[in-house]
Amino acid sequence: MAALTEEQTLIKDQATSWASAEAPVSKFRAMRNEGTDIGFAKPTWSAMVEMGWTGILVPEEYGGSDLGYLTFGLVLEELGKQLAASPLFASAYVGATALLLAGTEAQKSSHLPRIVDGTEIVTLAVDEGPRHAPARTALEAKSEGGKHVLTGSKTLVLEGMSATHFLVVVRSTGKVGEAQGLSLFIVPADAMGLSRRAMKTMDSRGYAELNFDGVEVSDADLMGPAGQAGEVLDEILDRARAGIGAEMLGVGSQAFAMTLDYLKTRKQFGAVIGSFQALGHRAAELFAAMELARSCGEAALQEIDAQSNSVAKACSLSKAKVGDFLHTMSNQLIQIHGGIGMTDEFDAGLYLKRARVLATLYGNQSYHRDRYARLLGF
Amino acid sequence: MAALTEEQTLIKDQATSWASAEAPVSKFRAMRNEGTDIGFAKPTWSAMVEMGWTGILVPEEYGGSDLGYLTFGLVLEELGKQLAASPLFASAYVGATALLLAGTEAQKSSHLPRIVDGTEIVTLAVDEGPRHAPARTALEAKSEGGKHVLTGSKTLVLEGMSATHFLVVVRSTGKVGEAQGLSLFIVPADAMGLSRRAMKTMDSRGYAELNFDGVEVSDADLMGPAGQAGEVLDEILDRARAGIGAEMLGVGSQAFAMTLDYLKTRKQFGAVIGSFQALGHRAAELFAAMELARSCGEAALQEIDAQSNSVAKACSLSKAKVGDFLHTMSNQLIQIHGGIGMTDEFDAGLYLKRARVLATLYGNQSYHRDRYARLLGF
Amino acid sequence: MTAASDLDGFRSEVSEWVQSNFPSALKGFDLGADSPSDKGVSGEFRAWRQALADKGWGTPTWPKEYGGAGRSDPEAKVIRQEIAKAGAFNPIPPMTGMGVTMVGPTILEYGTDEQKAKHLPGIASGEVRWCLGLSEPNAGSDLASLSTKAVDEGDAFILNGQKIWTSGAHISQWCGAVVRTDPKAKKRDGISFVMLPMDQKGVETRLIKLISGASPFCETFFNEARADKSDLLGDLNDGWSVVKRLLQHERQSQTSAPAAVKIDQEPLQEQAKRYVGTLEDGTLADPDLRLRVVENLMDAEAHKLTVSRITAEAKGQVKVSAAASILKNSMTRVAQTKAELTLEMMGNQGIGWEGEQFSEEELRSVRDWLMGKAMSIYGGSAEIQNNIISKNILGLPETTQQG
Amino acid sequence: MTAASDLDGFRSEVSEWVQSNFPSALKGFDLGADSPSDKGVSGEFRAWRQALADKGWGTPTWPKEYGGAGRSDPEAKVIRQEIAKAGAFNPIPPMTGMGVTMVGPTILEYGTDEQKAKHLPGIASGEVRWCLGLSEPNAGSDLASLSTKAVDEGDAFILNGQKIWTSGAHISQWCGAVVRTDPKAKKRDGISFVMLPMDQKGVETRLIKLISGASPFCETFFNEARADKSDLLGDLNDGWSVVKRLLQHERQSQTSAPAAVKIDQEPLQEQAKRYVGTLEDGTLADPDLRLRVVENLMDAEAHKLTVSRITAEAKGQVKVSAAASILKNSMTRVAQTKAELTLEMMGNQGIGWEGEQFSEEELRSVRDWLMGKAMSIYGGSAEIQNNIISKNILGLPETTQQG
């Protein structure tokens, strides 16, 4: 764990105890069993708003506390441990980040306070196909005299079923596959011609598929200059990746803790299985991978807070290394628990499923290894 | 081990007992300590000729026994176990293969019987730079009226210091990097303008660097049509790779045997170290890798003997999978032996060094993974 | 051995018979994931099963008197091949649960004549489904520490205890169970193997839902359940040797029919190209994924070649090759890695649970991936396999903790 | 703690002193692979060492009375930084073998005032080189099973036995050795730590040639060798605790100065581009190698970030972070993999042993690769590190075999 300020320690402790008392994995399971389209329990979400977590990234002038990314990461990690589902990440982290980095003053004044008080859920809509590839954006904006007509679709939009607004990446100019020519629009969920449909994923969260059938928006809904959103989109996505990294750390360290506990209690052949050296060494290797992953995950958030010029590298490192750890860890969670790990009644499967979805979001390990190498010029 | 014919079993047994009695690793060590340019001991080589191993691939009409590639592989494997150094592979396997696949009747009649009786050492000269990449051949043949003038250089030519003849890959047409335009010439080692210099490598064998300074050869020295050697060169190289695979199996299985023996005898903490589960499981994983590698290595030789149409795939599979196994095994040979494994006095280092050179020859694992994928069309 | 020419004749006989007996309505029937239970099948299906059973070709190597055909291994292979060639299938093994693959061969070896006559014909005809009560909640990898008790009550044993991972227990008619008959003996010495009907008051089953959503296994509770003494297989308190044999049959069936690859299955690299696309030179657009795909394909090929090599080596040999010990882990690694790579290449489409945004192929890949995690756990976990290799094959000393 | 402004003043003082005292003739001197012995060095070198020693800056945190400068850790850091900034170096630690890094700190902790006065000044001035006699042929990872005997003969111990891996024994003046002083006690309870001069009849050394061709280690034979009783460090039969502390200092020196990366060293990816070339889009021409290079670079960065994190966490904390336990294995993996990748990218040029066909860089890469194999063996092997993590950090029970 990084060296924390007193305030950060307080918030982390609050998140730890709240999550285990009020949003334990059993709540997530209950929500999953009921089967909702929005993919979270409303009281859980209200409590988070209540505690002020929605304002962690937002400057005080817009009603937030401006505590920064590492602080938000601490909360995401604790929520990750319990698989607590909510729009906190999509709206108060990614949505707020996008508004802060790309929004006009009017947009910020209008949306940030409502993100903080929970009346709006603002989420980013970027991917369109099976792969995370912003340059492959095809959703088209036809522009004429201050009006823009959007046509196309988006997939795997986080909290898409509960969102009040979408931050939509669109193509203003150029061809699919080109990094240039992208714009970012704020589109209300009830806009004419916009429809959404729930996607039932293995992690039982509230993703949506969006369809834009000639949705009309105006210049006022444009974030930044038309056709030039590519760079700021990268910055937004990097912050999102670091946030996912933080949640993945939580999922992974909980999986490690469950596994370690099992190693200390499960008996086979007359001894607890953790006394078998092959398993002891495996635990040691997992611990090492976890500690290395933690360093990468926390460093990314710290680099963002420090506004360093190697945010991109740090965020790709985080997504890749935490992703690798979580991949191995979630598989070992099942393997070491044996038969019981295969049953739906036990929680291991929930962690495994969430792990794979988190790996996929905003570029998997392969994507970020490639990106890291490109950033290093090879 | 593949199912063998009676004859194959006889030859394998002969190779096993001869190698351990007459060419044990201690002989290789003595040769290394003396430091010769040719990189082998002449009596060892004469004995191999005597036993008829130089004729295993050669049809009876040229004085050989025509027993095929699997049979030759069995011998190479046994020699690999003892790190026995000789021109057997370079001349009687690669050289003979090249003559059989690409030579004219005159060339075969002239050279094959002398390869068999050991009076000629015929070796392939292909690589020029740090990487195995036949298409990057730059050694140039300027041709006019039946005469060809060769200018350029070759590196890492096997048994290059003892060779009587080189089979030289040259560029007749096209640019460096193009697969087309290659030719194959037989050039005597004492040709005017040809000079050689020993290369001192970590495996202490007799490699040479060759320099061609306007070496004149004639049409009679050309193997196959000028500029069209690309395809047959691939076939020659594939057979060479399968042969290297066989030797690597020998090196690796000996390394495994040494390690297993140490696991059963070395005591630490009051028990033989093989009773520590982490090491027991590691041995099991190495055993599994070895058995899988063996299947690939033997299959490649069998496919060649069967003249199947998937020789290329099988040979790349062999070089890659046996290479992966040997890489891990040679590192574990050192690791599990601990301090003693680090000393020059113990043999582990000799195996490690040979392992890396074998991996490099005719394309390393990376080269062959890529090639395998291309052969599968992706 | 049967001479090759005899086999040719036999082959035409089988081929003709299958042609004229296999109902065309059953062509393309998927005998896959869910093995059919007697109740759900059609009249044609039943007729085909009965026709096969009448010939004894559902279990062709079994003796004729017990419902088999008394055929040699090569002849059995011909039957398998001709059935496959005709696009037909042999429904009898899956319809009997563990009957044909594990219980039958073990009864043939350990059973009395009475037991053979009582149990084998029902298996050979595909009419009686069997489950096996082996693992218990506290006896997984360490099977010998089982605690289900069987008490001698004169003409029967009375069973109390709980079994877990009893595959198909809820639809089986019979169960083979390992039970503790001598609580005072050392772990492995007090165990017996009994057979009992599932349709009795003392037996209850509860489906276990797995992480994949499927429920192929049960917990099975014995509460004063009865097993006739005449259904004790092997000697009293010698059940451990019966179980070892049973598990050998299991391993054999696992590794000799690896992963039941469907002939029409798209190769992994083609699937990857479809999802990821290619670069100008025809290579996969994601070189990182490409590397891992080619490694998996190479591992799959190495596994296949090893199976062939073991088969070739086995010709005329009594001892099974030591290499056979690695097959379970090798197959598992190939299959699990392939499943991971499949999800990875599908990306956003590889995380679906249900619904029309995901293709059938995508949803199945997710479920298969989850189900495949069991491969390294059941039937001797990856760790147990390594223990076996290290101890039995490599001769390394037993770790002192092992009981 | 020293206030930041004080540090600034101290920094200028150090900077000026180094500027005016460091002989320009020594600029670019490679204090690398072979640590200099007293005999081979120049007059300038000797003068520079003496100047540093006079200031106490060779061992700045040691007390002044023993040849140090009594400086705080931050001040010591300033000295290190300013020496480096000036292109200078501190020759004293390497010239003392294990003296500055391991023996000195342990004497400071366990030594009597007499022992401190006798031994520390010679180390602080760089004039006395120390070796350590720890491992034995049959006591490697299991150090406590050592068998070198020391018998009490009144005012001295008489040593008989053999040590191995005694680094620099052939050029050292003193040796710190663990010996068995009570053969009847339990393994760890009968061990003592003694110091003895190497220049005596009963001590012989023999260089061990390694697979890399280098001979940095010796076998050291004690044949009736004498160690004065006054040179017993710590209590009799309590040598195990001295050794444990010594090894902690070793681990610290290993992991806090990871892999001594030279500032001008070419990054791995640039080296790869030079050997392998690039594709049109600027990526490495071998995508398979590229993936492994990027993974190694990521692992190296993760290691570096972990060292920083531990340092940050340590501020104001007494307990060392549990994460520190992983550093040895992590650093080893990064360095060994990097060495393998370096050979791989060099291809035909990465297999040279000597001769002008290979560049100095290529030949050094081969030797470094071989030498690097020792990283996972010495100083607590990779396996021992995993035992420590699993037992001490994770609290898993000891495996029953461990003695």
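As the structure is a prediction and not an experimental result, all values here were calculated from the model.

Time to look at the overall build of chain C. Of regular secondary structure, chain C possesses 12 helices and nine strands. Out of the 403 residues in chain C, the part that is buried amounts to 50%. Surface exposure of chain C reaches about 18,200 Å², of which carbon and sulfur atoms provide 51%. Here chain C holds 45 positive side-chain charges and 54 negative ones, and the gap between their average locations is 3 Å.

All right, on to the interface of chain A and chain B then. A common way to report how large an interface is uses the accessible area buried once the components associate. Facing the five residues of chain A at the interface are five residues of chain B. Across the interface of chain A and chain B, roughly 350 Å² is buried in total on both sides, 52% from carbon and sulfur atoms. Linking chain A with chain B are zero salt bridges. Residue composition of the side of chain A that touches chain B, grouped by class: three nonpolar, two polar and no charged.

Further remarks concern the interface of chain C and chain A. The interface of chain C with chain A comprises 51 residues on the first partner and 44 residues on the second. Taking both sides of the interface into account, the surface hidden between chain C and chain A amounts to around 3,800 Å²; carbon and sulfur atoms contribute 54%. Viewed at the interface, chain A and chain C are joined by five salt bridges. Taking the shortest distance from any N to any O, the salt bridge between Arg282(A) and Glu383(C) comes out at 2.7 Å. Seen at the junction of chain C and chain A, the total is 25 residue pairs in polar contact (both at pLDDT 80 or more). Within the residue set of the side of chain C that touches chain A, elements represented by two or more residues are strand S6 (203-208), helix H8 (268-276), helix H9 (287-314), helix H10 (327-346), strand S9 (352-354), helix H11 (360-372) and helix H12 (382-393) of chain C. For the side of chain C that touches chain A, the leading source of residues is H10(C), giving five residues. Partitioning the side of chain C that touches chain A into residue classes produces 24 nonpolar, 14 polar and 13 charged. Relative to S9(C), strand S6 (residues 194-201) of chain A runs antiparallel, the two sharing two bridges.

What follows is about the side chain of Lys328(D). All names here are of chain D. Here Lys 328 lies in helix H10 (residues 327-346). No salt bridge is formed by the buried Lys 328; the nearest opposite charge belongs to Glu 250, separated by 7.9 Å. Reaching out from Lys 328, the side chain makes a polar contact with the backbone oxygen of Gly 380 at a distance of 2.8 Å.

Here the focus is the domain arrangement of chain C. Residue and element names in this part refer to chain C. Domain assignment breaks chain C into domain 1 (4-90), domain 2 (130-237) and domain 3 (266-393). Measuring from the centre of the C-alpha atoms in domain 2 to the corresponding centre in domain 3 gives 33 Å. Each partner contributes to the interface: domain 2 provides eight residues, whereas domain 3 provides seven residues. Sorting the residues of domain 2 by area buried against domain 3 places Ser 141, Ile 211 and Ser 212 first, and these three jointly supply 63% of that buried surface. The tally of links between domain 2 and domain 3 comes to zero salt bridges.

Residues and elements named next belong to chain A. Considered domain by domain, chain A is made up of domain 1 (6-120), domain 2 (123-227) and domain 3 (231-375). Each of domain 1 and domain 3 has a C-alpha centre, and these two points are 21 Å apart. At the interface, 21 residues of domain 1 touch 30 residues of domain 3. Taken together, the two surfaces of domain 1 and domain 3 that pack against each other cover about 2,100 Å², and 65% of this comes from carbon and sulfur. Where domain 1 packs against domain 3, one counts four salt bridges. Measuring nitrogen to oxygen at the nearest pair gives 2.8 Å for the salt bridge that ties Asp 347 to Arg 29. Where domain 1 touches domain 3, the interface holds 11 residue pairs in polar contact (both at pLDDT 80 or more).

Before going further, it helps to examine H10(D). The end-to-end C-alpha distance of H10(D) is 28 Å, a good match for the 28 Å that 20 residues give at a rise of 1.5 Å each. H10(D) sits mainly inside the fold: 16 of its 20 residues count as buried.

Residue and element names in this part refer to chain A. At a closest axis distance of 10 Å, the pairing of helix H5 (residues 88-102) and helix H6 (residues 105-116) adopts a crossing angle of 165 degrees. Classified by the angle their axes make, H5 and H6 are roughly antiparallel. Between H5 and H6 the crossing geometry is left-handed. Contacts between H5 and H6 involve Ser 91, Ala 92, Gly 95, Ala 96, Leu 99, Leu 100 and Ala 102 on the former and, on the latter, Gln 107, Lys 108, His 111, Leu 112 and Ile 115. By residue class, the composition of the contact of H5 with H6 is seven nonpolar, four polar and one charged.

This part covers a negative patch on the surface. Residues and elements named next belong to chain A. Residues Glu 60, Glu 61, Asp 66 and Glu 105 make up a contiguous surface patch of negative charge. Looking at where Asp 66 falls in the secondary structure, it is placed in the loop between helix H3 (42-50) and helix H4 (69-81). A relative accessible area of 46% places Asp 66 in the partly exposed class.

In this section: the pattern of salt bridges. Scanning all chains against the criterion turns up 96 salt bridges over all chains. The partner of Lys273(C) in a salt bridge is Glu270(C), and the shortest N-O contact between them spans 3.7 Å. On the criterion of helical spacing, the pair formed by Lys273(C) and Glu270(C) is a turn pair, its members being three residues apart in helix H8. Taking the relative accessible area as the measure of exposure, Lys273(C) reaches 24% and is therefore partly exposed. Among the charged side chains, a network of salt bridges with common partners joins Asp324(A), Arg369(A), Asp288(C), Arg292(C), Glu344(C) and Glu295(D).

Glancing now at the pairing of strand S1 (residues 122-125) of chain A. Residue and element names in this part refer to chain A. Burial along S1 is two-sided: the residues Val 122 and Leu 124 and Thr 123 and Ala 125 are all buried. Both S1 and strand S4 (residues 165-171) contribute to a ladder of four bridges, which runs parallel. In the sheet register, Ala 125 faces S4, and the bridge partner there is Val 168.

In this section: the relation of the copies chain A and chain B. Between the two chain copies there is a screw-like relation: a rotation about an axis and a shift along it. Screw-axis analysis of chain A against chain B gives a translation of 0.0 Å along the axis, an RMSD of 0.0 Å, and a rotation angle of 180 degrees. What we have between these two chains is a two-fold relation. When C-alpha distances to the rotation axis are compared across chain A, the minimum falls at Ala278(A), with a value of 2.1 Å. Mapped onto chain B, 100% of the interface residues of chain A are again interface residues, and the two copies thus contact each other with one and the same surface.

Glancing now at the side chain of Thr97(A). Residues and elements named next belong to chain A. Mapped onto the elements, Thr 97 comes out in helix H5. With a relative accessible area of 1%, Thr 97 lands in the buried category. In this structure Thr 97 touches Leu 57, Tyr 69, Ile 236 and Arg 239, once residues within four positions along its chain are discounted.

Residues and elements named next belong to chain B. Pairing of strand S2 (residues 140-144) with strand S3 (residues 147-157) involves five bridges; the strand directions are antiparallel. Paired with Glu 144 across the two strands is Lys 147, which belongs to S3. The antiparallel hairpin formed by S2 and S3 contains two residues in its connecting segment, where Gly 145 sits at a positive phi of about 50 degrees.

Moving on, we get to unusual backbone geometry. Residues and elements named next belong to chain B. Phi is positive for Leu 83, close to 55 degrees, though the residue is something other than glycine. By the element assignment, Leu 83 lies in the loop between helix H4 (69-81) and helix H5 (88-102). Classification of Leu 83 by relative accessible area gives buried; the value is 1%. Non-glycine residue Leu 156 carries a positive phi angle of around 50 degrees. Mapped onto the fold, Leu 156 is located in strand S3. Owing to a relative accessible area of 6%, Leu 156 belongs among the buried residues under this scheme.

A word on the packing of aromatic side chains. Evaluated as defined, the whole model comprises 32 aromatic pairs over all chains. When the ring of Trp130(C) is compared with that of Trp174(C), the centres are 5.5 Å apart and the planes differ by 25 degrees; the resulting orientation is stacked. Placement of the pair is Trp130(C) in strand S1 (residues 130-133) and Trp174(C) in strand S4 (residues 174-180), with a sequence separation of 44 residues. The exposure class of Trp130(C) is buried, given its relative accessible area of 1%. With relative accessibility at 16%, the residue Trp174(C) sits in the buried group. Judged by centre distance (5.4 Å) and plane angle (50 degrees), the rings of Trp165(D) and Tyr378(D) are tilted. Of this pair, Trp165(D) sits in strand S3 (residues 156-167) while Tyr378(D) sits in the loop between helix H11 (360-372) and helix H12 (382-393), and the two are 213 residues apart along the sequence. Residue class for Tyr378(D) comes out buried when judged on its relative accessible area of 19%. Following the ring pairs from residue to residue traces out a cluster consisting of Phe10(C), Trp17(C), Phe22(C), Phe45(C), Trp48(C), Trp57(C) and Phe89(C). The ring centre of Trp57(D) lies 4.8 Å from the NZ or CZ of Lys55(D), which sits over that ring.

Criteria and thresholds
Residues numbered from 1 in each chain as written. Chains lettered and ligands numbered in written order. Predicted model: local features only at pLDDT ≥ 70, side-chain atom pairs only at ≥ 80, totals over all residues. Heavy atoms only, no water. Helix = DSSP H or I, 4+ residues; strand = E, 2+ residues; numbered from the N terminus. Buried < 20%, exposed > 50% of the residue type's maximum accessible area, 1.4 Å probe, protein only. Areas by Shrake-Rupley, 256 points an atom, 1.4 Å probe, with all protein chains shown as cover. Lys, Arg positive; Asp, Glu negative; His and termini not counted. Charge placed at Lys NZ, Arg CZ, Asp CG, Glu CD. Contact = heavy atoms within 4.5 Å. Buried area = accessible area lost by both parts, 1.4 Å probe. Salt bridge = Lys/Arg side-chain N within 4 Å of Asp/Glu carboxyl O. Nonpolar A, V, L, I, M, F, W, Y, C, P; charged D, E, K, R; others polar. Polar contact = N/O pair within 3.5 Å; in protein donor to acceptor, adjacent residues only side chain to side chain. Pairing = 2+ DSSP bridges. Domains from an automatic or database assignment. Expected span 1.5 Å × (residues − 1). Axes fitted to C-alpha atoms, helices over the stretch in contact; angles between N-to-C directions. Parallel < 35°, antiparallel > 145°, perpendicular 65-115°, else oblique. Left-handed = near helix turned anticlockwise from the far one by under 90°. Patch = residues over 30% accessible without salt bridge, like charges linked within 9 Å, V, L, I, M, F, W, Y side chains within 5 Å. Least-squares fit on C-alpha atoms with pLDDT ≥ 70 in both. Phe/Tyr/Trp six-rings, centres within 6.5 Å; stacked < 30°, edge-to-face > 60°. Lys NZ or Arg CZ within 6 Å of the ring centre and 35° of its normal.

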